[in-house]
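Analysis of the macromolecular model
Chain by chain, the residues:
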Amino acid sequence: MPLSSDTPSVPSPAPAQLARTWRLGLTPQLREHALLALVLSVHTIVAYALAAYHGLHGAIHISLYGEHLMVMLLAAGTAFVTMWLLRIVFVLRPAQPLAFALNASRRYQWKRRLTAALPSLLLLAVLISVYSSWKVMMPAIAPFSWDQRFHLWDLALHGGKAPWEWLHPLLGQPLVTSLINAGYHLWLFVIYFVFLWQAFALTRPVLRTQFMLCFVLLWTLLGNGLATWLSSAGPCYYGLIVGPPDPYGPLLDYLRSAQGVVPIWALDVQQLLWNDYQSGALAVGRGISAMPSLHVATTTLIFLLACRYGKPAGWAAGIFLGLILIGSVHLAWHYAIDGYLSLVLTLIIWRLSGAVSRRLHRNTLCRESASESGTPVLCRL
């Protein structure tokens with residue numbers, strides 16, 4: 001039946017209103033992705049330029065981590081969904097958990113979340129691939145030359161003793177070492193999990209952008225840029241790089257003896273990396289670099305993010321950060337100063353990323369301020 005002439009009709013939004021909604025809603029997200037893409041483009045161009053300048057043709061592979069990243073993200077996604085379902089069953093405890101989960105998933109705004117996450121995931125694949133390629137060619141660009149200085153600085157900062165010597169009376173038990181090693185290896189899964197969580201996050205866009213930008217800058221500026229300038233191999237390779245006497249020989253002897261009792265995966269990985277370093281092989285997870293510690297830097301980032309979600313999350317992340325910092329020394333991966341510098345630089349980059357994020361989302365923050373105060377505010381686009 002046709003509508004009568006007096007049937008009220010819903011007016012269509014004016015084109016100007018639609019354009020404003022588009023600009024207010026999507027511009028910050030597009031700006032975030034554009035900024036991340038710009039940083040990664042510069043990073044990739046510099047990597048290719050360095051490879052060409054040093055005659056390392058074919059050293060950079062931008063799709064190195066494609067398949068590996070898909071597997072890790074799938075595992076992290078499965079863990080996320082599992083934790084979400086467990087929270088429904090054991091914390092929220094609805095009368096019909098399955099129906100509750102289905103209804104909650106319908107309200108999850110999957111299309112918006114995928115729109116926000118997919119560009120970030122693609123950029124992550126390029127970031128890690130170029131980072132790893134650069135890391136493998138790093139010794140050819142800047143041969144290891146800082147290990148002896150970092151060792152001496154560690155002695156100066158720790159009363160004339162190497163940090164591992166202070167830790168050994170507390171941690172020098174095979175079972176304790178194996179547990180620390182397990183936690184240290186857990187880092188890769190944790191960082192993927194947190195990245196996936198933030199990639200799909202919608203409720204705190206300013207914090208999400210701050211995390212994403214800081215994450216990218218840590219891998220590019222610290223993981224490649226500063227690591228090339230301060231090229232060092234780490235305590236586990238000290239004797240091979242600097243020569244005897246090796247102040248870390250007793251620590252490595254202990255780790256080898258502990259491996260006869262419990263698994264110490266660090267030793268196998270360290271040997272694998274050294275073999276690839278000698279052959280110049282490029283593969284997932286390869287490359288040697290000690291200063292700065294990207295393990296400590298990214299775990300510090302997780303801690304700073306977690307503190308924004310309350311004290312329990314902050315405490316959990318802080319404990320994990322302590323484990324990574326101690327494990328990096330106890331397992332002979334890093335000098336203590338590697339971790340200290342990473343902590344300081346990550347705090348600085350986090351603050352800078354926050355300032356940039358607030359600038360990108362200035363209209364969102366402006367509207368929230370106006371809504372809370374009840375006073376009209378003119379927000380610039």
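First, a word on what this report is: a plain description of the structure on this page. (Residues numbered from 1 in each chain as written. Predicted model: local features only at pLDDT ≥ 70, side-chain atom pairs only at ≥ 80, totals over all residues. Heavy atoms only, no water.)

This paragraph deals with the overall build of the protein. Helix and strand counts for the protein come out as 15 helices and 0 strands. Intrachain contacts of the protein at a sequence separation of at least 6 include 82% that bridge at least 24 residues. (Helix = DSSP H or I, 4+ residues; strand = E, 2+ residues; numbered from the N terminus. Contact = heavy atoms within 4.5 Å.)

Moving on to the environment of Ser232. Note that Ser232 resides in the loop between helix 8 (205-229) and helix 9 (238-241). Apart from residues lying up to four places away in sequence, Ser232 is in contact with Phe144, Trp146, Asp147, Phe150, Ser289, Ala290 and Met291.

A word on the packing of aromatic side chains. Applying the stated criterion to the full structure yields 17 aromatic pairs. Consider the rings of Trp197 and Tyr309, whose centres lie 4.8 Å apart with planes at 55°: the pair is tilted. With Trp197 in helix 7 (residues 174-199) and Tyr309 in the loop between helix 12 (294-307) and helix 13 (311-330), this residue pair connects regions lying 112 residues apart in the sequence. Accessibility expressed as a relative area gives 32% for Tyr309, which makes it partly exposed. With centroids separated by 4.9 Å and ring planes inclined at 40°, the aromatic side chains of Trp274 and Tyr277 adopt a geometry described as tilted. Remark: Tyr277 and Trp274 occur in helix 11 (residues 265-279); sequence separation between them is 3 residues, near one turn of the helix. According to the relative accessible area criterion, Trp274 is buried, its value standing at 12%. Taken together, Tyr131, Trp187, Phe195, Phe211, Phe215 and Trp219 form an aromatic cluster joined through their ring pairs. (Phe/Tyr/Trp six-rings, centres within 6.5 Å; stacked < 30°, edge-to-face > 60°. Buried < 20%, exposed > 50% of the residue type's maximum accessible area, 1.4 Å probe, protein only.)

Let's shift gears to the side chain of Ser231. On the secondary structure map, Ser231 appears in the loop between helix 8 and helix 9. Residue classification places Ser231 among the buried positions, given a relative accessible area of 1%.

All right, on to the side chain of Asn224 then. Here Asn224 lies in helix 8. Separated by 2.7 Å, the side chains of Asn224 and His43 make a polar contact. Filtering out sequence-adjacent residues up to four positions away, Asn224 remains in contact with His43, Val130, Tyr131, Trp134, Lys135, Met138 and Trp219. (Polar contact = N/O pair within 3.5 Å; in protein donor to acceptor, adjacent residues only side chain to side chain.)

Bringing the environment of Gly260 into the picture now. Positionally, Gly260 belongs in the loop between helix 10 (249-259) and helix 11. Taking C-alpha positions, Gly260 is 9.0 Å from Pro174, a pair spaced 86 residues apart along the chain.

With 26 residues, helix 7 should reach 38 Å at 1.5 Å per residue; the first-to-last C-alpha distance of 38 Å fits that figure. A bend of about 35° at Trp187 is the largest found in helix 7. (Expected span 1.5 Å × (residues − 1). Bend = angle between axes of the 7 residues up to and from the residue.)

With that settled, the discussion passes to the nonpolar core. Phe215 and Leu255 are the most contacted members of the largest nonpolar core, which totals 87 residues. Per-element accounting of this core gives the leading share, 12 residues, to helix 8. The contacts of Leu255, once residues within four sequence positions are left out, are Thr177, Ile264, Leu267, His330, Leu331 and Ala332. With 10 residues, the next largest nonpolar core counts Ala47, Ala59, Ile60 and Met138 among its residues. (Core = buried A, V, L, I, M, F, W, Y, C linked by side-chain atoms within 4.5 Å.)

What follows concerns unusual backbone geometry. With an omega of 0°, the peptide bond running from Pro244 to Pro245 counts as cis. For Pro245, the position within the fold is in the loop between helix 9 and helix 10. Cis geometry is adopted by the peptide bond preceding Pro292, which originates at Met291 and carries an omega value of -10°. Note that Pro292 resides in the loop between helix 11 and helix 12. Within the chain, Arg93 stands out as a residue other than glycine whose phi angle is a positive 50°. Owing to a relative accessible area of 64%, Arg93 belongs among the exposed residues under this scheme. In this model, Ala332 sits at a positive phi of 70°, which is unusual for a non-glycine residue. Along the chain, Ala332 turns up in the loop between helix 13 and helix 14 (336-360).

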